[in-house]
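Summary of structural features
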Amino acid sequence: MPSDNIKSYLHLHLIVFIWGFTAILGELISLDALPLVWYRMLLAVIFILIFILITRKKVALPTKTLLYFLFLGLIIALHWLTFFKAIKVSNVSVTLACLSTGAFFTSFLEPLFFKRKIIGYEVLFGLLVVCGLYIIFNFEGNYVYGIILALTSAFLSALFSVLNGKLAQKYDSTVISFYELMGGVLCFSVFLVISGGFSSSFFTLSMSDFIYLLILSSVCTAYAFIASVKVMKYISPYTVMLTINLEPVYGIILALIIFEEKEKMSTPFYFGALLILITVLLNGVVKFYLSKRKSKSNPIEL
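Read on for a plain summary of the structure. Treat the numbers as computed from the prediction; the structure is a model and nothing was measured.

Quick word on a nonpolar patch on the surface
- Together, L14, F17, M207, F210, I211, I215, V219 and Y223 give the surface a local cluster of nonpolar side chains, amounting to about 680 Å² of exposed area.
- Elements with a minimum of two residues in the nonpolar patch: α1 (2-28) and α9 (207-231).
- Element by element, the count of residues in the nonpolar patch is highest for α9, at six residues.
- As for its position among the elements, Y223 is in helix α9.

A look at the packing of helix α2 (residues 33-55) against helix α3 (residues 63-89)
- Two elements in contact, α2 and α3, have axes whose closest approach is 9 Å; the angle formed by their N-to-C orientations is 135°. The pairing of α2 with α3 is recorded here as oblique in orientation. As α2 runs across α3, the sense of the crossing is right-handed. For the pair α2 and α3, contact is made by A33, L34, L36, V37, R40 and M41 and by A77, W80, L81, F84, K85 and K88, respectively.
- Of the residues belonging to the contact of α2 with α3, the class tally is nine nonpolar, no polar and three charged.

Observations concerning the pattern of salt bridges
- Inspection of the entire model under this criterion finds two salt bridges.
- Put simply, D32 and K85 hold a salt bridge, and the shortest N to O gap is 3.3 Å. A residue pair is termed long-range when its members are at least 10 positions apart, and D32 in the loop between α1 and α2 and K85 in helix α3 qualify at 53 residues.
- Its relative accessible area of 25% is what places K85 among the partly exposed residues.
- Between K57 and D172 there is a salt bridge whose closest N-O contact spans 3.2 Å.

Analysis parameters
- Residues numbered from 1 in each chain as written.
- Predicted model: local features only at pLDDT ≥ 70, side-chain atom pairs only at ≥ 80, totals over all residues.
- Heavy atoms only, no water.
- Patch = residues over 30% accessible without salt bridge, like charges linked within 9 Å, V, L, I, M, F, W, Y side chains within 5 Å.
- Areas by Shrake-Rupley, 256 points an atom, 1.4 Å probe, with all protein chains shown as cover.
- Salt bridge = Lys/Arg side-chain N within 4 Å of Asp/Glu carboxyl O.
- Helix = DSSP H or I, 4+ residues; strand = E, 2+ residues; numbered from the N terminus.
- Axes fitted to C-alpha atoms, helices over the stretch in contact; angles between N-to-C directions.
- Parallel < 35°, antiparallel > 145°, perpendicular 65-115°, else oblique.
- Left-handed = near helix turned anticlockwise from the far one by under 90°.
- Contact = heavy atoms within 4.5 Å.
- Nonpolar A, V, L, I, M, F, W, Y, C, P; charged D, E, K, R; others polar.
- Buried < 20%, exposed > 50% of the residue type's maximum accessible area, 1.4 Å probe, protein only.

If you want it as structure tokens, here you go:
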């Protein structure tokens with residue numbers, strides 16, 4: 001129904017806004033990146049487990065598939081680790097601008113994993129993204145470490161999306177998310193045990209940090225994920241993809257409002273960030289147009 005589509009579209013914007021707020025919470029939480037991510041994943045696992053128990057979803061998976069999703073959990077955990085670390089050493093604006101390059105990395109990872117040819121226009125768009133990054137690097141040299149971390153986070157996000165896409169259609173998304181987050185918790189827990197990271201100070205949280213972590217793990221992780229899956233039943237993947245690309249826009253605007261002077265960047269920075277965002281949007285538009293033209297030229301025969 002049209003009303004369902006409108007409600008779903010507005011709901012999707014709310015979800016993307018929430019994802020944009022994730023970076024704000026990363027700045028507000030005083031914890032370092034590693035404990036922040038560990039707590040986020042652990043609490044999210046608990047929330048999703050409660051949802052699974054209430055809805056009585058079946059969680060059994062083949063052993064090989066289970067291990068695969070646990071491994072993907074390590075990748076997404078490293079993505080979040082570098083994401084929040086980038087925020088800590090630079091700021092929200094720099095991190096989100098560089099995170100927009102995820103689509104650029106995906107355009108090169110997909111041919112590698114799915115054995116298809118590299119597409120010409122994707123190379124062109126990739127060069128435009130590099131130009132945008134060059135502008136940011138050139139005028140924001142004091143944030144080099146944060147930029148490198150954010151680009152690493154974008155690469156890991158793209159890698160996760162490509163690898164996750166191979167099996168995501170075969171299994172329930174909530175169950176997949178549960179095991180992937182569990183995998184991240186287990187891998188980081190092993191590292192913390194070996195490195196002696198688990199200490200009394202690790203488990204000492206201020207009240208503000210605890211509240212922010214609850215919001216991050218419940219609203220920004222568990223709820224946003226489950227809600228996004230539901231929304232995709234009523235909205236085309238193309239619309240979803242374009243809307244998700246607004247995440248850095250929402251995040252940067254929120255950062256400017258909340259943190260004011262700390263988030264104000266030079267004019268060239270915004271030009272470089274805008275160039276990256278426009279390129280990502282153009283990539284989606286071109287893909288949508290070509291897929292439509294291909295479907296028209298190759299109609300399905302009944």
